Amino acid sequence: MSARAQHVFHEILARGFQAYPRGILNGFLFAGVTVAFVWSVVPHAFLLAWLVVGLGVALYRWSLAREFLRARPATAELDAWAGSNPALTLL
């Protein structure tokens with residue numbers, strides 16, 4: 001990969017990781033609205049467990065984004081970081 005392509009690849013990853021906090025916040029706002037709508041018909045224990053699991057995944061994603069932005073990984077490490085991004089999107 002050329003130096004320019006590597007720079008673009010790093011920039012795409014950085015922008016994606018920079019957007020994580022906003023995405024996490026939007027996700028929790030949506031989750032809160034969802035819980036409010038179904039609170040009367042879905043068991044409360046299930047809803048609370050769902051929120052706790054979501055919070056755990058969100059905290060992990062946030063910590064990963066912070067680590068990437070703090071570490072500024074070398075070009076050789078970008079593939080590993082790129083692999084974690086789509087995998088976390090599935091969560």
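Right above here is the structure, for reference.
A. How the structure looks around the environment of Gly54. Summarising the element assignment, Gly54 is placed in helix α2 (residues 44-71). Put simply, Gly54 and Phe28 are 26 residues apart on the chain and 8.3 Å apart in space, counted from C-alpha to C-alpha.

B. Summary view of the pattern of salt bridges. For the structure shown, the criterion picks out one salt bridge. When the shortest N-O distance is used, the salt bridge between Glu67 and Arg70 registers 3.8 Å. In this pair, Glu67 and Arg70 are both assigned in helix α2, three residues apart and thus about one turn of the helix distant.

C. Structural view of α2. Look at α2: 40 Å from first C-alpha to last across 28 residues, which is about the 40 Å you get at 1.5 Å a residue. Listing the buried residues of α2 in full gives Leu47, Ala58, Arg61, Leu64, Ala65 and Phe68. In the segment just after α2, Arg72 is the residue with positive phi, at about 45°.

D. Geometry of the nonpolar core. Residues Leu13, Ala14, Phe17, Tyr20, Leu64, Ala65, Phe68 and Leu78 constitute the largest nonpolar core, which totals eight residues. Looking at this core, the elements with two or more residues in it are α1 (3-38) and α2. With four residues, the single largest contributor to this core is α1.

Calculation rules
- Residues numbered from 1 in each chain as written.
- Predicted model: local features only at pLDDT ≥ 70, side-chain atom pairs only at ≥ 80, totals over all residues.
- Heavy atoms only, no water.
- Helix = DSSP H or I, 4+ residues; strand = E, 2+ residues; numbered from the N terminus.
- Salt bridge = Lys/Arg side-chain N within 4 Å of Asp/Glu carboxyl O.
- Expected span 1.5 Å × (residues − 1).
- Buried < 20%, exposed > 50% of the residue type's maximum accessible area, 1.4 Å probe, protein only.
- Core = buried A, V, L, I, M, F, W, Y, C linked by side-chain atoms within 4.5 Å.

By themselves these figures say nothing about function.
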